[in-house]
Amino acid sequence: MSQLAEQRYPNVAELVLSARELAAHRPELSVLRQVGTSRAGRPLHLLSVGSSPRAVLVVAGAHSNEPTGGSTLLHLAEWALRDADLRADTSWHFLLCADPDGADLHRTPAPRTLFDYHRHFFRPAGPEQPEWSPSVLPPDRLPPETRTLTGVIDELRPYLQVSLHGTDLGGSWVQLTRDIPGLAQPFAKSAAELHIPVEAGASDAAGWPVSGPGVHVLPGPGSAAAYPSLPEDARHTTWHHAHRYGGLTAIVEVPMWASDLVDDLTVHPAPTLALRGFSQRLRHDARLVEDILGEALPRLPEARGPLLRAARWALDLVPGLADDWAGLPPAGTSMAYIGSVDAFGRRLPLRAAAMLLRVLDAAGDRAAPRLERLVLHWSDAFAERFRARWVPLEDQVEHQSRTTVAAARHARVQGD
């Protein structure tokens with residue numbers, strides 16, 4: 001039975017094996033090679049299909065907790081191999097996993113519930129994320145995964161880079177470093193056909209210009225950030241590295257669980273009051289996790305590992321973000337936007353709690369059962385609030401693939 005039929009996300013070893021089989025099946029069209037090494041010594045692989053100098057680079061696994069991209073990448077590689085028109089004047093290059101170390105720590109091959117998803121959750125601290133590290137670190141401290149990614153961009157000079165991302169619960173949306181006219185229509189058509197809601201007010205793109213429903217264009221230099229406290233700035237990520245060669249980047253987000261509440265553009269009756277309430281809840285929830293961490297920390301034999309670093313990073317974001325929500329005018333007033341902020345405020349302490357729980361479990365700490373009940377309660381409340389419904393894996397993959405191909409075609413026309 002295929003991994004898609006099983007609703008199972010492949011791990012990095014399975015991705016590499018599948019890519020090797022594809023390359024061996026059509027060696028005249030494709031090649032798999034190692035392009036770098038992670039901090040822990042794991043190889044980073046690039047699968048290339050076609051030989052045109054006009055290149056598209058597709059990146060999966062930049063965030064270890066967003067597993068759909070690996071399956072999508074294999075689907076796209078198969079598509080490029082069988083469709084001569086797709087590779088007629090474009091070569092396709094697939095970075096199988098941008099962060100294999102992170103992928104090894106996030107293990108949810110076949111989640112049934114949001115609690116399953118969070119029970120083995122991992123998302124690195126910002127400085128350890130390959131795409132985001134340039135926004136928070138000086139050039140001489142960038143991790144090897146980041147240097148590998150920028151090195152691949154330097155080599156290929158792609159007219160389009162597509163970064164495959166995802167969300168645990170919500171809808172689909174696209175972020176662009178430069179507009180791709182015409183993309184919004186096929187994106188919306190694909191989402192509708194597959195019953196995936198378009199997230200109309202994603203807080204990740206708060207205040208960005210809109211090219212079409214769910215398609216957001218990163219604002220240029222000098223524009224104010226919606227949340228000034230957050231240390232990362234999307235304008236300083238690896239997404240912009242392709243611009244030095246005249247290219248651009250599309251970030252394609254797809255949900256594991258969908259919420260049909262995320263496309264409501266009606267005006268929220270009290271957006272400022274709602275954000276103040278989210279601010280208070282965020283502080284309260286983070287404090288619950290902080291209290292457990294403070295109690296357990298003296299008992300933990302390993303206090304500096306990646307799980308604890310990531311949990312600490314998430315908790316450290318809370319005070320400033322809570323101040324932003326309580327003190328600044330809302331960046332949007334639609335029901336969709338306020339709902340997206342609500343979801344963001346639930347994710348941050350939940351993710352910190354989930355990663356801390358793994359640390360406590362490994363140590364056999366007595367606080368683990370109490371924290372597990374909290375993770376279970378927050379996961380269930382999140383799912384209930386947004387009426388979560390599972391999106392079949394084949395639909396996640398199909399939508400991400402269609403959007404990637406549409407972006408490539410429209411960006412190619414734009415570049416002619």
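Values in this document were obtained by computation on a predicted structure and should not be read as measured data. (Residues numbered from 1 in each chain as written. Predicted model: local features only at pLDDT ≥ 70, side-chain atom pairs only at ≥ 80, totals over all residues. Heavy atoms only, no water.)

**Q** Would you take a moment to explain the overall build of the protein chain for this structure?
**A** Along the backbone of the protein chain there are eleven helices and ten strands. Dimensions along the principal axes, computed over C-alpha positions, put the protein chain at roughly 60 × 50 × 45 Å. By residue count, 58% of the 416 residues in the protein chain fall in the buried class. Counting only contacts in the protein chain whose residues sit at least 6 apart along the sequence, the fraction spanning at least 24 positions is 81%. (Helix = DSSP H or I, 4+ residues; strand = E, 2+ residues; numbered from the N terminus. Buried < 20%, exposed > 50% of the residue type's maximum accessible area, 1.4 Å probe, protein only. Contact = heavy atoms within 4.5 Å.)

**Q** Would you mind showing me how to read the pattern of salt bridges here?
**A** Using the criterion set out here, one finds 29 salt bridges in the structure. Across the pair Arg107 and Asp104 runs a salt bridge whose closest N-O atoms are separated by 3.6 Å. For Arg107, a relative accessible area of 48% corresponds to the partly exposed category. Taken together, the shared-partner salt bridges in this structure form one network comprising Arg39, Glu128, Glu145 and Arg309. (Salt bridge = Lys/Arg side-chain N within 4 Å of Asp/Glu carboxyl O.)

**Q** What's the story with the pairing of strand 5 (residues 160-170) in this structure? I'm lost.
**A** For a regular strand, side-chain orientation follows a simple rule: the groups alternate between the two sheet faces. Burial analysis of strand 5 places eleven of its eleven residues in the buried class, the great majority of the element. Across four bridges, strand 3 (residues 55-59) lies against strand 5 in parallel orientation. Across the sheet, the residue bridging to Val56 is Leu160, located in strand 5. Inspection of the sheet shows strand 5 paired to strand 9 (residues 248-258) by ten bridges, in the parallel sense. The partner of Leu164 across the bridge, within strand 9, is Val252. (Pairing = 2+ DSSP bridges.)

**Q** Mind showing me how you'd approach helix 6 (residues 184-193) here?
**A** The periodicity of an α-helix, 3.6 residues per turn, causes residues three or four places apart in sequence to face the same way. For helix 6, the complete set of buried residues consists of Ala184, Phe187, Ser190 and Ala191. Relative to the axis of helix 6, the buried residues are bounded by an arc of 135° and lie together on one face. With respect to the buried face of helix 6, the exposed residues turned more than 90 degrees away are Gln185, Lys189 and Ala192. Positive phi shows up at His195, right after helix 6, with a value of about 60°. (Arc of directions from axis to C-beta.)

**Q** Got a minute to help me understand the packing of aromatic side chains in this structure?
**A** Centre-to-centre distance and the angle between the planes together describe a pair of aromatic rings. In the structure shown here, the tally under the stated rule is nine aromatic pairs. Taken together, a centroid distance of 5.0 Å and an interplanar angle of 70° make the contact between Trp257 and Trp390 edge-to-face. A residue pair is termed long-range when its members are at least 10 positions apart, and Trp257 in strand 9 and Trp390 in strand 10 (residues 389-390) qualify at 133 residues. Among the residues examined, Trp257 registers a relative accessible area of 5% and is labelled buried. Since its relative accessible area comes to 26%, Trp390 is described here as partly exposed. On the basis of an interplanar angle of 85° and a centroid distance of 5.7 Å, the ring pair of Phe382 and Phe386 is categorised as edge-to-face. What makes Phe382 buried here is its relative accessible area of 1%. Here the aromatic cluster, defined as three or more aromatic residues joined through ring pairs, consists of Tyr117, Phe121, Trp257 and Trp390. Lying across the ring of Phe386, Arg385 places its NZ or CZ 4.2 Å from the centre. (Phe/Tyr/Trp six-rings, centres within 6.5 Å; stacked < 30°, edge-to-face > 60°. Lys NZ or Arg CZ within 6 Å of the ring centre and 35° of its normal.)

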